[in-house]
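Structural features, examined
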There are 2 protein chains.
Amino acid sequence: MIQVCLVDDHVLLRDALAETIESFDECKVTGVAAHGKELQQIVERGVIPNLVLLDLNMPEMDGYDTAEWLFTHHPEVRVLILTMYDSEVALIRLLQYGVRGFLRKDIHPFELRAAISAVMKDGYYYSHRTTGKLATLFQKSYQENLPVERVMLSDMDIQFLRLVSTDLTYKEIAGKLNISVRSVDGYRDSLFDRLEVKSRVGLAIFALKNGLISA
Amino acid sequence: MIQVCLVDDHVLLRDALAETIESFDECKVTGVAAHGKELQQIVERGVIPNLVLLDLNMPEMDGYDTAEWLFTHHPEVRVLILTMYDSEVALIRLLQYGVRGFLRKDIHPFELRAAISAVMKDGYYYSHRTTGKLATLFQKSYQENLPVERVMLSDMDIQFLRLVSTDLTYKEIAGKLNISVRSVDGYRDSLFDRLEVKSRVGLAIFALKNGLISA
DNA sequence: GCCTTAGACGGGGTAAACCCTCAATAAATT
DNA sequence: AATTTATTGAGGGTTTACCCCGTCTAAGGC
């Protein structure tokens, strides 16, 4: 019997999903949480699931931090991401934390069941869409003769993108990060290049679409 | 028996929701659709529901257009908005189309049932949050001695916001709208004032958060 | 040791964004 | 007919954003 925990702040979807998963003979929902902190409490109480279905955008403690925590403290727990919009950024960041698969919320229930089965049987579940995105990413890093680390975003990049998606000027951003305006220029231009946008608005839109800021 | 149609492109939530609603004794789900076009087909086939639970961000035909279509062609059908994020813009636009209530997707199932009951019994359901937003809006229009139309966004504003949330320069935007760059300045400054932001990025963020562009 | 690479910073420049003031037109109000 | 109001847009200005050119330093590969 697969013991599943659901982590999503959208109660309506989460509870309905719990019923759907309970209807699968091979599964049992042993816990539901609105965000990472709640999951932590459940796990630390000794209820350790086999599989965690994890949303990304949540209050308190988001999916990234939750995946990282599970990876370092309970690596035996398999994590399946269930999110609104997928993105290369999410993909790369989460692969580092050993997540076993990615699902968009617009899938059909039978794909959910297939994904759960695959994760428990084969250890992972990557849809065509996911592998496609990964392939594009590695292809890009190969064509431009750059390591994958260059294509993906660092913590600094993400911190920077969060500030860019704000009414602050670059001068103010430089102040917040304790670096010079020229360094800000450098990060910006680097991101222009890698994210293939031409303006600050493009960066902000990218940050929004990739869930880097709470929409 | 209340006949309900569900319109949402997220199959997982929509189908789970259908089961939840079917479990309410007073309700029956007579149709599900992924977007407005599908709902149109259902209705034009003669299956006219009492209540439509409507998402806003959808492909093909979004919630706004769907609400407008229902309002003009089938005003007897009551519309209850079920969306990810609520916003003043959505509120004002949709009130024009006679929608009966607003629900965020992070509510509890019992609030959904209460809302459905209220809409069918009293004709509407406005949560404290909704009425709060409305109050703020009217208060603002009163304080600034402006008609509500001044506080809400025109079609031009929305069209403009969509273009602002793009890599295009204002010169290019002016070209697209067949107006001069100075007029663009005017629209921009007017929106700065009304939306209380200081930069183009602020406008883009606003547009995203209010679902004016597909995220 | 040397070489590359990445990060932080500067000079100096152009284009874009921002922000005033004012004015002509047309539609709506009175 | 007169007044307001909205729309559009011009002149002219400052600030910010964008994008080259560099240098220096620290970290890591061989």
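Anything mentioned here points back to the structure above.
The structure reproduced in this document is the subject of the present report.

Parameters and conventions
Residues numbered from 1 in each chain as written. Chains lettered and ligands numbered in written order. Predicted model: local features only at pLDDT ≥ 70, side-chain atom pairs only at ≥ 80, totals over all residues. Heavy atoms only, no water. Contact = heavy atoms within 4.5 Å. Buried area = accessible area lost by both parts, 1.4 Å probe. Salt bridge = Lys/Arg side-chain N within 4 Å of Asp/Glu carboxyl O. Polar contact = N/O pair within 3.5 Å; in protein donor to acceptor, adjacent residues only side chain to side chain. Helix = DSSP H or I, 4+ residues; strand = E, 2+ residues; numbered from the N terminus. Least-squares fit on C-alpha atoms with pLDDT ≥ 70 in both. Buried < 20%, exposed > 50% of the residue type's maximum accessible area, 1.4 Å probe, protein only. Pairing = 2+ DSSP bridges. Right-handed = clockwise from strand over helix to strand, strands pointing away. Core = buried A, V, L, I, M, F, W, Y, C linked by side-chain atoms within 4.5 Å. Axes fitted to C-alpha atoms, helices over the stretch in contact; angles between N-to-C directions.

Another point: the interface of chain A and chain B. The interface is formed by 33 residues belonging to chain A together with 33 residues belonging to chain B. Together, the buried faces of chain A and chain B total about 2,900 Å²; carbon and sulfur atoms form 71% of this surface. Our enumeration of links across chain A and chain B arrives at zero salt bridges. The tally of links between chain A and chain B comes to four residue pairs in polar contact (both at pLDDT 80 or more). Elements represented by at least two residues in the side of chain A that touches chain B include exactly α1 (11-22) and α11 (200-209) of chain A. When residues in the side of chain A that touches chain B are grouped by element, the largest group, seven residues, is from α11 of chain A.

Here we come to the relation of the copies chain A and chain B. Once turned by 180 degrees and shifted 0.0 Å along the axis, chain A lies on chain B with an RMSD of 0.1 Å. Considering both components of the superposition, the chain copies are consistent with a two-fold axis. Comparing interface residues between copies, 100% of those in chain A also sit at the interface in chain B, which points to an isologous, same-surface contact.

Residue and element names in this part refer to chain A. Residue alternation in strand β5 (residues 101-104) divides its side chains into two sets, G101 and L103 and F102 and R104, and both sets are buried. Inspection of the sheet shows strand β4 (residues 78-83) paired to β5 by four bridges, in the parallel sense. Bridge pairing links I81 to F102 in β5. Crossover handedness for the path β4 to helix α4 (residues 88-96) to β5: right-handed.

The biggest cluster of nonpolar side chains holds 52 residues, and the ones touching the most others in it are L161 of chain A together with L161 of chain B. The contact partners of L161 of chain B, leaving out residues within four places of it in the chain, are L153, L191, L195, L203, F206, A207 and L212 of chain B.

So, about the sheet that holds strand β5 (residues 101-104) of chain B. By way of backbone hydrogen bonds, the strands of a sheet pair with one another, either parallel or antiparallel. Residues and elements named next belong to chain B. Taken in spatial order, the five strands of this open sheet run β2-β1-β3-β4-β5, and their pairing is parallel. Both outer strands of the open sheet, β2 (27-33) and β5, are each paired with one neighbouring strand and no more. Between one strand axis and the next, the sheet turns by 25 degrees as a mean value, whatever way the strands run. The strands that helix α5 (residues 109-121) touches are β1 (2-7), β2, β3 (51-54), β4 (78-83) and β5; relative to β4, the one it contacts most, it runs at about 155 degrees.

Attention shifts here to the environment of D15 of chain A. Residue and element names in this part refer to chain A. Its location among the elements puts D15 in helix α1. Using a relative accessible area of 28% as the deciding quantity, one classes D15 as partly exposed. When the C-alpha atoms of D15 and A33 are compared, they prove to be 10.0 Å apart, with 18 residues separating the residues in sequence.

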